[in-house]
Amino acid sequence: GCGGGGGDDSSADGDKIMIRIASDETSDTPCSEATEIFKKQVEEKSGGKMTVEYFCDSAMGDEREIAESVNMGNLEMGIISGCYLATYDENWYLVDMPYVFSDREAMYKHLDGEVGQILKDGLKKNSKIECLDFADGSFKVLLNSKKEVKTVKDIANLKFRSQESQMNMSIYKAWKSTAVPMGFSEIYTALQQGTVDGVDTSPLYQRSGKFYEVGKYYTMTNHQALLMTSIINTDFMASLPEDMQQVIRDASKEAYGVQERSIVKEAEEYACKVMDDAGCKRHDLTDAELKTFKDASVAVYDEYSKVVDPKLYELMGL
Amino acid sequence: MGSIVMLFGGMILLIFIGVPVGYAIGLSTICTYASYSNVSISLISQNCFTGLNSFVLLAIPFFILAGVIMGEGGIAKRLVDLADSIIGFVTGGLGMVAILTSTFFGAITGSGNATTSAVGALLIPSMEEKKYGRVFSSTLVASAGAIGIIIPPSIPFVIYGVSTGTSIGDLFIAGIIPGLLMALVLMIACYIISKKNGYGGSDTKPSAKHILVSAKNGIWALLAPVIILGGIYAGIFTPTESAVVAVVYSILVGFFIYRELTIKKLIDAIYKTAIINGITSFIIAFSASMCKFISIERIPDMICDAITSITDSKIAILLLLNIVLLLIGMLIDIIPAIIILAPIFLPLVESYGMSPIQFGVMLVLNLGIGFVTPPYGSTLFVASAISKVPVDRMFKTAFVFTGVLSIVLLIVTYLPAASLALIQ
Amino acid sequence: MKTIRKIVSGYDFIEKWVLIVLTLIMVIVIAAQVFTRYVLGDALYWSEELGKFIFVWISWLGVSAGMKEKEHIQVRLVHDALRKKGLFKAQETLELLLNLCWFITSIIVTYYGIGIVGMQMDTGVYGASTGIPMWIPYLCVPISGAIICLRLIGEMYKNVNDLFVKRKEGVNG
Ligand code: NA
Ligand code: NA
C-alpha cells in the first residue's frame, strides 16, 4: 500500500549490496509471495549487508526484457518463465514440451535432479545468467470462447493466442490448430473481439489476465508446465563473498524451490474457483480424452530431437 | 529528492531551451542515473531497443502511412467533401468532423498516438484548405486523440486492469460515458473558438442532391472506415493489423479506383511517414528509461506519503491527486505511468471508498489529458510532426482544451455514476 | 570539403531508400500475416517479431533522416526571442549548446550500444520466432547513434564557423 517502507536512498551508501529482482507478475501471485520470503531471508541472514528490492507488475519490462537485463547485468535477478531461456540455451526447449512431465512430483524430481543440473550448466555456459531454482507456475490449460473442448479434434480450426516462442507454434501445428503470437496486454481485447478464439496459459494467469471474463469454456489439459525460474547475473554473483553467495542460494532454494511450490496448489484451486464462479465452464479430461492430446504431441518430440541434448531425452524417457 | 529535481528539472530546462524533446529526456535520465543510481547507464541503450520492440507501437507508422496515402490517393478529399456537404454549413463543422472521426477511430485503435496520426494525416490538410487555422486544427486533433483511450477498446485500460486486478470489461464500459462527454465538450469548445475566428460555416445550406453526389463519389472512401471497424469487430484482425489493412486498402483504391495515386506519390508518402515516425517514436524509448528510474527510486511512494501527510479529507485528497496526476502526465508517457502509479495510488483511494473502476477511468483520463500538456505531450508531437506547426505555438490553444477536458475529469472524479452507471 | 559533401549526399540517398524499402517490407510482412491466417488458414509465426525488429530499425534511422530534413520537435521560444532582439551571437551560441547536449546523449547511447551488441554476439542470443541473432536488431542503436553523432559534428562545425570565422569575415568585408 501507500509508503510500503521503500524509498530510502540506499544506492548512495557503498557498503550495502543491493539486489534488484524483477518480474512481470502482479503482487498477489505465488512467485511474488515467494519473492517476499526471499527478500526477508536474504536481508536477515546477511545481517543487513544485502537488501532486496522487488519490482513486479512489469515495472522493469516483460519477461524477455528481464532475461536480457539480467544477462547484461542491468538487473541482478529476475523471476521469469523458463521458456524465455531457450533462446540462450536450446536445451531449455525440453521443459516447454507438451506432456513432458507425467505429473507435478515427477517434474520436481527431474528439475531438482540431473535434468535440472544439465539445464543450469548449459545456461551458465552460454550466457551470463545462472538459474538458481525452479518454481511452479502451474500447468497450462486451454480457455476458449467457442465450444467445450474434450479431445484434440475439438480444437482444430480454433485460433489460440500463445507466447511468442517457436515451441508453441510447433505444438499447435501438431494439434492441427492455429497459434497466434501476441503480447499479454493484447490478449483480452483480441479474445473479446474474436481475433483469437482462445488462450493457453495456467489458471493463475487466466485469472490475473481476466480472460475468463471473455471466454466461456476451459479444459484442464495441463499440457505444458509453466515453469518459473529464479535467475541471477553470474558476474554479480561472482563479485560477492562466498558467504553472501550462500545466503542467496539458500534463500532462493527455500523461497522458490520449497515455499512457492507449497502455495501454488492453493493458488491454482483459487484461480479455478474464480473462473467457475464467473460462469466459465470447466472440463476435466478423461484418460481417453487426454490420450488424444498426448498422441498428437509426439510429433513435437521428434521435431526438437535435433536441438536438445540426447542425454536429456534419455533421462526423460522420450 | 535531489534525484527528482535533477530528473524532472533537468528535463524541463533542456526542453525549454530547445534540446529536441526525446534527447532532453534521454540526457536528464543519463545524468540522474550517473549521479543517483548504481544501475549501469547501458540500461538506456538497452531501452533504445526494448522500449520500441512492441507490436502495439507498430500501429503508429501504419496509421500515419494510411492517412498520408488517403490524402495523396483522393480518399481523404472525398471523405471530407461528404462530411463538409453535411455539416460544413455549421460554424466549426470540419473541426467537429475531426472530433467525431477521432471518437470513431478511438473505438478502433485504443491508442492516442494512433488516433491522432490517422485523423491528423487525414484532416489537418483539409482543415487548412477550408481556412481553419493550422495551430487550431493541429491542437484540436491532438486533444481529440485523448478520446481514443477512453472510448473502448483501450490499451491503457487493459494495462490498468491487469496491473490492479480490475475487470477490463467493466473498465471498457465505464469509459463510454466519459469518452462521449469528452467529445461533447471538445465540440462545444470547437464551436466557440470557430465562431470567434470565423472558421467554417458557409452560406450554402446542405442540399440532399449535393449530399447524394458527394456520397456517391465517396463510396469507396466511406468503405475504408467500415472495413477497419468491421474487421476488428468481426475479429478478423487486431488493431495493429487493421492499420496495415488500411494501408493496403488505400493503396488499392488510390491506384485502381480513383487513379490519383502514382508510384512517385506512394514513395513520397512512405518517406514522409518514415520521417514523422523517426521524429516521434524514439521519444518513447527514452521515456521508458526514465520510467525505470522512477520505479527504482520508488518516487510514487514518496508522492503518496506526501499527499496523505497534507490532508485527510476525501475531496481534498482527490483534488490533490488529480493535480499530481496532471503534473505527472505533463512529464511522462501514459503506459509506463499507469504501470508504476496504479498499484501505489489505488489502495489510497480505495481507503476513501472509491471503486477501482472509477479510479481507473480517472487515472487514464488524467494521463490522457497529459497527451496535450507540455513539455511531454505525445499526441501534440504527432500532430506537430504532421502539420509542421512548432509545438510551442500549440501550447496556448492546448491549454484551452486541457481546461475543457478537465471539466470531464472533475465530473468523473466527484460523480461516480459518470463511470459506473452503465455497469450492473 | 567537396568530397565530404559528396559522401554526405550519397549517404542521404542511401538512408532515404533504406527507410523506404524497410517500411515497405514491414507493410508487406504484416499484411502477409493477416492474409495467411485468414485466406490460407495458417498463421506465420515469424512475421510479428520481424515487423517489430524492422520498426525499431526504421525508428532510429528515422531520427537521422529527421535531422537531415530539420524536422525534430524542439521548443523554439528562447531561440525566437534571441532572434527578435537581434542577438545573433547569443543565438548561435545557443545552437551550439543544444547540439552539444544532443551530441553527448547520442555518444553515450552509441558507446553502450556497441557494448550491448558485442555482448549479444558473445552469448549468441537469437529472436524466439525468427531465429535472427539479437545483435542485428540491437545494431540499429549504435549505427544510427554514430550517424547522428557524425551529422552533429557537421552541425557544430557550422555553428563554430558562423560564430567565429564568418563574423570576422563580416567585420573585414
Ligand atoms: Na479506444
Ligand atoms: Na504531457
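Every chain's residues receive numbers from 1 upward, in the order its sequence appears when written. Note on labels: chains are lettered from A, ligands numbered from 1, in written order. Reporting of local features is limited, given that this is a predicted model, to residues whose pLDDT is at least 70; pairs of side-chain atoms are given and counted only at 80 or more, and all residues count toward the totals for whole chains, interfaces and linings. As a convention, hydrogens and water are excluded, and side-chain values are obtained from all of the structure's heavy atoms.

**So, the overall build of chain C**
Condition: In this text, helices come from DSSP runs of H or I with a minimum length of four residues, and strands from runs of E with a minimum of two, each type numbered from the N-terminal end. Accessible area is worked out with a 1.4 Å probe on protein chains only. A residue is then buried under 20% of its type maximum, exposed over 50%, and partly exposed in between. Note on definitions: a residue-residue contact is assigned when non-hydrogen atoms from the two residues lie within 4.5 Å.
Helix and strand counts for chain C come out as six helices and zero strands. Its C-alpha atoms give chain C principal-axis dimensions of roughly 75 × 35 × 35 Å. Across the 173 residues in chain C, those meeting the buried criterion constitute 47%. Here the analysis covers contacts within chain C between residues at least 6 apart in sequence; of these, 72% occur between residues at least 24 apart.

**Notes on the overall build of chain B**
Selection criterion: Shrake-Rupley sampling with a 1.4 Å probe provides the accessible areas, and residues are treated as covered by the protein chains on show and by no other component.
Secondary structure assignment for chain B yields 21 helices and zero strands. The burial tally for chain B puts 67% of its 424 residues in the buried class. In chain B, the proportion of contacts linking residues at least 24 apart, taken out of those at least 6 apart, comes to 80%. Of the roughly 13500 Å² of accessible surface on chain B, 71% is carried by carbon and sulfur atoms.

**Observations regarding the interface of chain A and chain C**
Keep this limit in mind: By convention, the term buried area covers the 1.4 Å-probe accessible surface removed from two parts as they join, with the contributions of both added. The definition of a polar contact used here is a pair of N or O atoms within 3.5 Å, where within protein one atom must be able to donate a hydrogen and the other to accept one, and adjacent residues in sequence count solely through side-chain atom pairs.
With 24 residues of chain A at the contact, the number on the chain C side is 20 residues. Carbon and sulfur atoms make up 51% of the surface buried where chain A meets chain C, a total of about 1800 Å² over both sides. The largest per-residue losses of area from chain A upon contact with chain C belong to M72, T87 and E164 of chain A, which jointly make up 31% of the total buried on that side. Where chain A meets chain C, there are three residue pairs in polar contact (both at pLDDT 80 or more).

**Considering the packing of aromatic side chains**
To describe a pair of aromatic rings, you give the distance between the ring centres and the angle between the ring planes. The cut-off we apply is this: Pairing of aromatic rings covers Phe, Tyr and the six-membered ring of Trp, with a centre-to-centre limit of 6.5 Å; geometry is then stacked below 30 degrees between planes, edge-to-face above 60, and tilted otherwise. Two thresholds decide whether a charge sits over a ring: the Lys NZ or Arg CZ must be within 6 Å of the ring centre and within 35 degrees of the ring normal.
One pass over the full model with this rule turns up 25 aromatic pairs over all chains. Note on Y188 of chain A and F172 of chain B: the rings are 6.1 Å apart at their centroids and 90° apart in plane angle, and the pair reads as edge-to-face. Here F172 of chain B lies in helix α10 (residues 168–197) and Y188 of chain A lies in helix α6 (residues 184–193), a pairing that spans two chains. Taken as a pair, Y188 of chain A and F172 of chain B share a single burial class, namely buried. An angle of 85° between the planes, with centres 5.8 Å apart, marks the rings of F286 of chain B and W60 of chain C as edge-to-face. Placement of F286 of chain B in helix α14 (residues 263–296) and of W60 of chain C in helix α2 (residues 47–68) is noted, with the two residues assigned to different chains. The class for F286 of chain B is buried, based on a relative accessible area of 1%. Of the aromatic side chains, those joined through ring pairs into one cluster are Y23, F282 and F286 of chain B together with W60 and W102 of chain C. Between the NZ or CZ atom of R261 of chain A and the centre of the ring of Y108 of chain A, over which it lies, the distance is 4.3 Å.

**Overview of the packing of helix α2 (residues 21–36) of chain B against α14 of chain B**
Residues and elements named next belong to chain B. Rules: Each axis is a line fitted through C-alpha atoms, and for a helix only the stretch in contact is used; angles between axes span 0 to 180 degrees, taken between their N-to-C directions. Each angle gets one of four labels, with under 35 degrees taken as roughly parallel, over 145 as roughly antiparallel, 65 to 115 as roughly perpendicular, and the rest as oblique. Throughout, a crossing is termed right-handed when the near helix is turned clockwise from the far one, and left-handed when it is turned anticlockwise from it by less than a right angle.
Running from amino to carboxyl end, α2 crosses α14 at an angle of 25°, the nearest separation of the two axes being 9 Å. Classified by the angle between their axes, α2 and α14 sit roughly parallel to one another. α2 and α14 meet at a crossing whose hand is left-handed. The residues of α14 that touch α2, namely those facing V21, G22, Y23, I25, G26, T29, T32, Y33 and Y36, are F282, I283, F286, S287, S289, M290, K292 and F293.

**Side note on the coordination of the sodium ion (ligand 2)**
Residues and elements named next belong to chain B. The cut-off we apply is this: Metal donors: N, O and S atoms at distances within 2.8 Å, or within 3.2 Å for Na, K and Ca, with water omitted from the atom set so that some sites may seem incomplete.
Coordination of the sodium ion (ligand 2) by the protein is provided by G329 (O), G370 (O), T373 (O), T373 (OG1) and Y376 (O), with metal-donor distances spanning 2.1 to 2.7 Å. Counting gaps between the donor residues of the sodium ion (ligand 2) yields the pattern G-x40-G-x2-T-x2-Y. Taken as a pair, G370 and T373 share a single burial class, namely buried.

**Quick notes on the interface of chain C and chain B**
Reports often express the size of an interface as the amount of accessible area lost when the parts come together. Going by this rule: Salt bridge, as applied in this entry: a Lys or Arg side-chain nitrogen positioned within 4 Å of an Asp or Glu carboxyl oxygen.
Counting residues at the interface gives 55 residues for chain C and 57 residues for chain B. In total, chain C and chain B occlude about 5100 Å² of area from one another, counting both sides; carbon and sulfur atoms represent 77% of this. Summed over the three residues of chain C that lose the most area to chain B, namely F55, I73 and V75 of chain C, the buried surface amounts to 16% of that side. The tally of links between chain C and chain B comes to one salt bridge. Those elements that provide at least two residues to the side of chain C that touches chain B are α1 (2–40), α2, α3 (77–84), α4 (88–123), α5 (135–138) and α6 (140–172) of chain C.

**A closer look at the environment of S281 of chain B**
Turning to its location among the elements, S281 of chain B is positioned in helix α14. Each C-alpha atom of the pair S281 of chain B and I299 of chain B lies 26 Å from the other, and the pair is 18 residues apart in sequence. Apart from the residues lying within four places of it in its own chain, the contact partners of S281 of chain B are L52 of chain B together with F55 and S59 of chain C. At 2.5 Å, the side chain of S281 of chain B forms a polar contact with the side chain of N277 of chain B.

**So, the confidence of the model for chain C**
Residue and element names in this part refer to chain C. Worth spelling out the cut-off: Confidence scores here are pLDDT values: one per residue, from the predictor, ranging 0 to 100.
The predicted model of chain C averages 90 in pLDDT, with 94% of residues at 70 or higher. For chain C, per-element mean pLDDT is lowest for α6, which scores 85, and highest for α5, which scores 96. As a predicted assembly, this complex carries a pTM of 0.83 together with an ipTM value of 0.84.

**A few points about the pattern of salt bridges**
All names here are of chain A. Evaluated as defined, the whole model comprises 31 salt bridges over all chains. With a shortest N-O distance of 3.7 Å, K124 and E130 are connected by a salt bridge. When its relative accessible area of 42% is taken as the criterion, K124 is described as partly exposed. Through salt bridges with shared partners, one network takes in D112, D133, K253 and R261.

**Section: helix α10 (residues 287–304) of chain A**
Residues and elements named next belong to chain A. Test applied: By this rule the span expected of a helix is its residue count minus one, scaled by 1.5 Å. What the bend at a residue measures is the angle between two axes, fitted to the seven residues ending there and to the seven starting there.
With 18 residues, α10 should reach 26 Å at 1.5 Å per residue; the first-to-last C-alpha distance of 26 Å fits that figure. The largest bend in α10 amounts to roughly 25° and is located at S297. Restricting attention to buried positions, one finds in α10 the residues E289, F293, A296, S297, V300, Y301 and Y304. On its buried side, α10 packs onto β5 (141–144), α5 (166–174), β11 (281–284) and α11 (310–316).

**What to know about the nonpolar core**
Put simply, the test is: We define a nonpolar core as any set of buried Ala, Val, Leu, Ile, Met, Phe, Trp, Tyr and Cys residues linked to one another through side-chain atoms lying within 4.5 Å.
Core analysis: the largest hydrophobic core is formed by 313 residues, its most contacted members being F38, W175 and I248 of chain A, I332 and F359 of chain B together with W60 of chain C. Broken down by element, the residue count for this core peaks at 18 residues, all from α14 of chain B. Not counting chain neighbours up to four residues away, the residues in contact with W60 of chain C comprise Y23, C48, L52, F282, A285 and F286 of chain B together with C140 and S144 of chain C. A76, L79, A221 and Y258 of chain B belong to the second-largest nonpolar core, a separate cluster that totals ten residues.

**Considering the sheet that holds strand β4 (residues 129–139) of chain A**
Residue and element names in this part refer to chain A. We apply this condition: Strand pairing is assigned whenever DSSP detects at least two bridges linking the two strands.
In spatial order, the strands read β2-β1-β3-β10-β4; together these five strands make up an open sheet with mixed pairing. With one partner strand each, in any of the chains shown, β2 (50–55) and β4 form the two edges of the open sheet. Direction aside, neighbouring strands of the sheet carry axes that sit 20° apart on average. Of the strand pairs in this sheet, strand β1 (residues 17–22) and strand β3 (residues 77–81) are connected by two bridges, and their pairing is parallel. Paired with A22 across the bridge in β3 is G78. Sitting on the sheet, helix α9 (residues 242–277) touches β1, β2, β3, β4 and β10 (225–233), and the angle it makes with β4 is about 10°.

**Concerning the UniProt feature "transmembrane region" (unreviewed entry) in chain C**
All names here are of chain C. Put simply, the rule reads: UniProt positions are given in the numbering used here, feature names are shortened, and annotations may be inferred rather than shown by experiment.
Here, UniProt's "transmembrane region" (unreviewed entry) annotation points to residues 16–38, 50–67, 93–114 and 134–153. With 100% helix and 0% strand, residues 16–38 has its two end C-alpha atoms placed 34 Å apart. Counting secondary structure, residues 134–153 comes out at 90% helix and 0% strand; the distance between its end C-alpha atoms is 30 Å.

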